[in-house]
Amino acid sequence: MRATSEPTTSIEKIDRCGDLPHRPRVLLGKMGLDGHDRGVKLIARLMRDSGIHVIYSGLWQTPRSLAIGARDEDVDCIACSMMSNSHLVLVPNLLKELADVGRPDLTVNVGGIIPKEDVEVLRKAGVNDVFHTGTSMEDIVSSVRKSVIDYQNTSYENTSARLARVLSLAHAGSPPAEAPRARPKRVIGLTGAPGAGKSTLVAAMVNEAVRRGERVAVVAFDPMSPITSGALLGDRLRVDFNAVDDNVFYRSLAIVGEDYASLPDIIELVGGAGWDTLLIETVGAGQNDVAIRNHVDRTAVVVVPGMGDSVQMDKAGILEIADLFVVNKADHAGEHQLVRELLDIAEGRRVHETIATEGKGVVELLEDLLG
Ligand code: B12
Ligand SMILES: Nc1nc2c(ncn2[C@@H]2O[C@H](COP(=O)(O)OP(=O)(O)OP(=O)(O)O)[C@@H](O)[C@H]2O)c(=O)[nH]1
Ligand SMILES: [Mg+2]
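Here, residues in each chain are numbered from 1, in the same order as that chain's written sequence. As they are written, the chains are lettered A onward and the ligands numbered 1 onward, keeping that order. In view of the model being predicted, local features appear only for residues whose pLDDT reaches at least 70, and side-chain atom pairs are presented and counted only at 80 or more, with totals across whole chains, interfaces and linings using the full set of residues.

Draft legend 1. Layout of the site of ligand 1. Taken together, 26 residues sit near ligand 1, with D34, G35, G39, S81 and G111 positioned nearest. For the shell around ligand 1, the elements supplying multiple residues, two or more each, are helix 1 (38-48), strand 3 (77-82), strand 4 (107-112), strand 5 (129-132) and helix 5 (137-147). Charged residues are taken to be Asp, Glu, Lys and Arg, nonpolar residues to be Ala, Val, Leu, Ile, Met, Phe, Trp, Tyr, Cys and Pro, and polar residues to be all remaining types, Gly included. A per-class count over the shell around ligand 1 returns nine nonpolar, 14 polar and three charged. Note on definitions: a residue is near a molecule or strand provided its C-beta atom, placed from the backbone, lies within 6 Å of it. Segments assigned H or I by DSSP are reported as helices when at least four residues long, segments assigned E as strands when at least two residues long, and all are numbered from the N terminus.

Draft legend 2. Representation of the domain arrangement of the protein within the structure. Each domain of the protein was delimited in the assignment, giving domain 1 (25-147) and domain 2 (177-370). For every residue pair, C-beta atoms are placed from the backbone, and the pair is scored as a contact if these atoms sit within 7 Å. Contact with domain 1, which involves 19 residues of that partner, is made by 19 residues of domain 2. Taken together, the residues of the side of domain 1 that touches domain 2 sort by class into seven nonpolar, eight polar and four charged. The domain boundaries here were taken from an automatic or database domain assignment.

Draft legend 3. Here's a closer look at the environment of P24. Residue placement: P24 occurs in the segment before strand 1 (25-29). Sequence spacing of P24 and P184 is 160 residues, and the spatial spacing of their C-alpha atoms is 29 Å. Other than its neighbours up to four places away in sequence, P24 contacts C17, I52, H53, D76, V144, R145 and V148.

Draft legend 4. Highlighting the site of ligand 2. Taken together, 16 residues are adjacent to ligand 2, and G197, K198, S199, T200 and G284 come closest. Class assignment for the residues of the shell around ligand 2 results in four nonpolar, seven polar and five charged.

Draft legend 5. Summary view of the sheet that holds strand 10 (residues 277-281). Note: two strands are recorded as paired if DSSP finds a minimum of 2 bridges between them. Spatially, seven strands are ordered 9-7-10-6-11-12-13 in an open sheet, and the strand pairing comes out parallel. Of all the strands in the sheet, just strand 9 (248-255) and strand 13 (351-353) have a single pairing partner and so form its edges. Here the average twist between neighbouring strands, direction ignored, is 20 degrees. Alignment of strand 7 (residues 216-223) against strand 10, held across four bridges, turns out to be parallel. Directly across from A217, in strand 10, lies its bridge partner L278. Packed on one face of the sheet, helix 7 (residues 198-211) meets strand 6 (186-192), strand 7, strand 9, strand 10, strand 11 (298-303) and strand 12 (324-327) and runs near 170 degrees to strand 7. Between the N-to-C directions of two axes lies an angle of 0 to 180 degrees, each axis being a line fitted to C-alpha atoms and, for a helix, fitted only over the stretch in contact.

So this is what it looks like as structure tokens:
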């Protein structure tokens, strides 16, 4: 029998970062309008399988959306993959935006299709290192290891940069005593099965909230590998930061199981930094994953058609902790039956129907959750 710490695939999954002061956090950024995503996806897996926490921001990022992401995620470095021959414009712009958002010190590494004569130009502009097609996994991991920063500096002038660092320390178990604390006015939990559409719903809701002139903080949890302690943090990519800019503070964190030990600190520190509304997305949840309820004011349980029948509805566990239900993917077959079955057990709790990808039902959900 295989032990839970043994890899299930032939990729050599080894923690190559366990000796560092903290788990390296890397923002994998893809600027430009091209769709070459094979390289970044490969790098993301390599990093995750080496014990690195990788935040993948998705294609078509702008210098500003990447800079905001890097600051709020408090990454050790940005790994920029450039395939569209726009590196001489976009990368210097990224460095400028990093300075504008309060983190001129952040390490930027660039890789992809970069002509030799451009390497020096990029370095002069402030890029730390440049990597080419065929770069080995060892080189990539070593570039990340070298970028690991010291968390002791909490004195950034920019409030989001400061909050981001304080959250890094809190998640590592040592929140700075002097950081301001207050519980946000509204702390909402979203939970539900993996892939139910939690992040897409959060993205649609924050988009609508910002359109209304509000600011929202989000903390999104994803699983940490039991083998390497690495993680691929992929919730953030659903949000279009070109639209919401830094009216949304978004932080991705990796946990094992339902270990929300740092969450009470995180909630108070987010509130202390002036955010009134906090949405918390759990790791994709199973029937037994109910711990989030202890931390939030209201819990929305997201369910999708086609996952069971009325017997599942009566089982103890996750459906019991719902303050309201969201039937997402309402465009899928079986939606009406699911709503009927939920209404049978809802006991007055509201059942929302949404298609998160089209924004359908999102306004009603937002109004119910945020009032
Ligand atoms: C596969 C491919 C495609 C696929 C993309 C599939 C996908 N989903 O990614 C398809 C067929 C769709 C495609 C389309 C196009 N492509 Co194309 N494509 C390639 C090709 C052959 C390989 C790229 C690849 O996937 N390599 C494998 C990955 C794993 O390697 P990588 O991305 O280089 O990443 C490695 C390193 O660079 C490094 N790395 C990368 N980034 C970073 C970042 C950091 C920080 C670090 C440490 C390391 C690092 O690590 C990786 C692992 O070693 C290249 C040519 C080449 N040999 O590179 C052309 C190429 C990139 N394509 C090119 C072009 C022009 C196009 C098209 C515009 C062609 C056209 N006229 O239609 C379209 C654009 C389509 C679009 N929507 O954007 C040009 C780009 C020219 C330029 N930038 O100056 C290239 C160079 C071909 C050429 N010689 O002209 N393409
Ligand atoms: N058809 C359809 N697809 C949707 C809908 N909402 C989300 N999706 C898709 O479902 C997939 C998963 O969405 P996510 O928002 O990442 O789901 P999640 O619950 O956050 O996933 P985890 O964080 O991994 O648990 C994505 O491909 C979305 O585009 C919907 O209402 N209808
Ligand atoms: Mg998610």
